[in-house]
Amino acid sequence: LETRAFEDDNKGTTKDNNLSLFTRLKVRTKHHKKWGETIRVIARADKYDPSRSVFIIEEAYTKYSSGNFEFSAGSQMFNWSATEAFHPADVINSRNFDSNLENAEKIGEPMLLGTYIGEESKYSVFFMPMLTKPILPQYTNRLNLSAGLPMAEPEFIDKSGKVIEGEYANQFGVRFEHSFDDADISLHYINHYDRTTPIAIPVLVGVTPTGILPLYLPVQQVGGSLQMVSGSWLIKSELAQRMFSKITSPTLGVLEIPNHLMFAFGLEYGWSTKSGSESTWVLEGQSLFGPDEDERAQISIFQRDLLLGYRYAFNDVRGQELFASIIYDIERSSEMLLNINYQRRLSSRWKLKAGYRMIDAKQKKALPVGLELIDGANQFYFDLTRYF
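This is a predicted model, so every value here is computed, not measured.

(A) Focus on the overall build of the chain. Scanning the chain from N- to C-terminus turns up one helix and 25 strands. Rg of the C-alpha trace for the chain: 22 Å, near the compact-globule value of 21 Å for 388 residues, within the 12% margin. Dimensions of the chain, computed from the C-alpha atoms along their principal axes, are close to 65 × 45 × 40 Å. The 388 residues of the chain split such that 44% are buried. For the chain, long-range pairs separated by at least 24 residues make up 55% of all intrachain contacts whose partners lie at least 6 apart in sequence. In the structure as shown, the chain presents an accessible area of about 19700 Å², 58% of it carried by carbon and sulfur atoms. Each charge class in the chain can be summarised by its mean position, and for the 42 positive and 48 negative side chains these summaries are 6 Å apart.

Next comes the structure, spelled out in structure tokens:
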């Protein structure tokens with residue numbers, strides 16, 4: 001059971017309160033020692049805002065293993081990120097952006113995946129034949145990034161400038177992972193259709209905007225990640241060079257996203273107390289290089305930001321944990337996102353999580369961008385979960 005209550009924005013079109021039922025089902029099978037299947041789906045139904053109701057396939061694939069080789073086919077979900085809040089390398093899966101901006105829910109990506117697993121290295125090759133559209137919050141949702149206008153169904157644009165009809169397009173990638181004694185590294189190359197940085201085209205009736213059409217372009221990405229342990233320190237970083245083609249559409253005009261480099265880093269320092277509890281300080285940052293300041297703000301909400309966080313794990317039988325963080329924009333003045341949450345088990349089957357999120361980003365120019373679009377979407381939330 002998920003509840004959230006936003007600070008009143010005095011707008012009749014938005015829903016300031018949500019009450020939803022969320023369900024996740026996971027099934028795993030294994031037979032003949034080499035074959036196995038995994039299915040994991042989620043569903044959400046909201047009482048006050050039907051646009052939030054979704055059914056998402058997170059995983060639905062079959063896998064064949066033989067020696068050092070694995071082959072799988074179906075919808076799969078990956079975690080390529082090393083950092084807590086910033087994820088430049090983790091772009092394979094589309095996301096449901098009606099969730100935390102720094103860690104949005106993922107949608108399974110249909111693919112054929114071949115993997116070779118060595119003693120310390122892993123090599124992966126994958127082919128993605130389908131286009132999976134992100135889920136973007138509608139104008140009734142307090143987290144909408146459409147300035148209060150209806151959001152049209154996202155569209156993918158091919159290199160000739162035409163809207164792709166249907167759900168099929170050739171996409172592929174490769175990834176290399178290696179484990180050292182105290183570090184893990186990864187490198188990847190992806191040639192696919194972007195899922196993170198849309199071009200927002202206003203839908204006009206005459207000269208009056210009546211909606212927003214999100215367009216996603218083809219992109220090539222080269223990047224990687226690093227995680228390294230040094231004593232009580234955990235060092236993390238992610239890097240992604242994103243290369244877009246300039247596209248001229250016969251109906252939409254010139255469509256262009258500047259090529260850019262995104263770099264994220266992180267440091268964690270943890271220690272234990274005599275009572276058995278653990279404390280961790282988290283410092284992370286992300287910066288976007290290449291475009292100018294205005295372009296950076298349009299490409300990413302976290303274009304030059306720092307996060308400072310603190311986690312306190314009680315390490316008791318109830319699994320109590322307290323986490324607080326603040327993300328502050330070091331380039332655009334007066335922009336920050338505050339998050340405080342507490343979670344614990346009530347029993348072996350019940351768990352609760354409660355928290356508060358504050359978004360403060362005052363509009364600076366004629367048109368709002370980034371966090372400015374959801375300035376004041378402050379919320380309390382409470383989740384009650386039962387496991388079966």
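(B) Expanded view of the packing of aromatic side chains. Inspection of every chain in the model, using the stated rule, returns 16 aromatic pairs. Ring plane angle 5 degrees and centroid distance 6.3 Å describe the contact between F69 and F71, whose orientation is recorded as stacked. Since its relative accessible area comes to 43%, F71 is described here as partly exposed.

(C) Highlighting the nonpolar core. F86, L101, I327 and L371 are the most contacted members of the largest nonpolar core, which has 17 residues in total. Non-local contacts of F86, meaning those with residues more than four positions away in its chain, are made with S81, E238, A264, E284, G285, Q286, F302, D305, L307 and I327. With 12 residues, the next largest nonpolar core counts I199, L217, F244 and I257 among its residues.

(D) Examining the environment of E165 more closely. Of note, E165 is situated in the loop between β10 (155-156) and β11 (168-179). Considering only alpha carbons, one finds E165 and E155, 10 residues apart in sequence, at a separation of 8.8 Å.

(E) Region of interest: a negative patch on the surface. Negative charge collects at one region of the surface, where E119, E120, D181 and D182 lie side by side. Along the chain, the position of D181 falls in the loop between β11 and β12 (183-193). A relative accessible area of 85% places D181 in the exposed class.

(F) Spatial organisation of the environment of D90. Looking at the secondary structure, you find D90 in the loop between β5 (69-76) and β6 (95-96). When its relative accessible area of 5% is taken as the criterion, D90 is described as buried. Residues D90 and G223, 133 residues apart in the sequence, show an inter-C-alpha distance of 9.5 Å. Apart from residues no more than four positions distant in its own chain, D90 is found in contact with F78, N79, W80, S81, R95, K106 and E238. Within the structure, the side chain of D90 is placed 2.6 Å from the side chain of K106, a separation counted as a polar contact.

(G) How the structure looks around the pairing of strand β24 (residues 350-361). Direction of pairing for strand β23 (residues 335-345) relative to β24: antiparallel, over a ladder of 11 bridges. Residue pairing in the sheet places N339 in a bridge with R357 of β24. In this structure, the hairpin formed by β23 and β24 is closed by a connection of four residues. With eight bridges connecting them, β24 and strand β25 (residues 379-386) associate as antiparallel partners. Among the inter-strand pairings, W350 is bridged to a residue of β25, identified as R386.

(H) Looking closely at the side chain of K236. Counting through the fold element by element, K236 comes out in strand β16 (residues 233-244). Here E268 takes part through its side chain, which lies 2.7 Å from a polar atom of the side chain of K236. Separated by 3.1 Å, the side chains of K236 and E284 make a polar contact. Not counting residues within four places of it along the chain, the set of residues in contact with K236 comprises A82, T83, E84, L226, Q227, A264, F265, G266, E268 and E284.

(I) How the structure looks around the pattern of salt bridges. Evaluated as defined, the whole model comprises 31 salt bridges. In this structure, the salt-bridge partner of E2 is R44, at a minimum N-O distance of 2.8 Å. Residue E2 is found in strand β1 (residues 2-6), and its partner R44 is found in strand β3 (residues 35-46); the two are separated by 42 residues along the sequence. For the pair E2 and R44, one class covers both residues: buried. Put simply, E372 and K364 hold a salt bridge, and the shortest N to O gap is 3.1 Å. Residue class for K364 comes out partly exposed when judged on its relative accessible area of 36%. Connected through shared salt-bridge partners, R4, D46, R52 and D98 make up one network.

(J) A look at the sheet that holds strand β13 (residues 199-205). Across the sheet, which stays open at both edges, the three strands sit in the order β10-β14-β13 with mixed pairing between neighbours. Each edge of the open sheet is held by one strand with a lone partner, namely β10 and β13. Sheet topology places β13 next to strand β14 (residues 208-216); seven bridges connect them, and they run antiparallel. When the sheet's bridge partners are listed, L204 is paired in β14 with P209.

(K) Examining the side chain of N378 more closely. Locating N378 in the fold gives a position in the loop between β24 and β25. According to the relative accessible area criterion, N378 is buried, its value standing at 10%. Of note is the side chain of N378, whose polar atom sits 2.8 Å from the backbone nitrogen of I359. Leave out the neighbours within four places in its chain, and N378 touches A5, F6, E7, Y356, R357, M358 and I359.

Parameters and conventions
- Residues numbered from 1 in each chain as written.
- Predicted model: local features only at pLDDT ≥ 70, side-chain atom pairs only at ≥ 80, totals over all residues.
- Heavy atoms only, no water.
- Helix = DSSP H or I, 4+ residues; strand = E, 2+ residues; numbered from the N terminus.
- Rg over C-alpha atoms; globule rule 2.2 N^0.38 Å.
- Buried < 20%, exposed > 50% of the residue type's maximum accessible area, 1.4 Å probe, protein only.
- Contact = heavy atoms within 4.5 Å.
- Areas by Shrake-Rupley, 256 points an atom, 1.4 Å probe, with all protein chains shown as cover.
- Lys, Arg positive; Asp, Glu negative; His and termini not counted.
- Charge placed at Lys NZ, Arg CZ, Asp CG, Glu CD.
- Phe/Tyr/Trp six-rings, centres within 6.5 Å; stacked < 30°, edge-to-face > 60°.
- Core = buried A, V, L, I, M, F, W, Y, C linked by side-chain atoms within 4.5 Å.
- Patch = residues over 30% accessible without salt bridge, like charges linked within 9 Å, V, L, I, M, F, W, Y side chains within 5 Å.
- Salt bridge = Lys/Arg side-chain N within 4 Å of Asp/Glu carboxyl O.
- Polar contact = N/O pair within 3.5 Å; in protein donor to acceptor, adjacent residues only side chain to side chain.
- Pairing = 2+ DSSP bridges.

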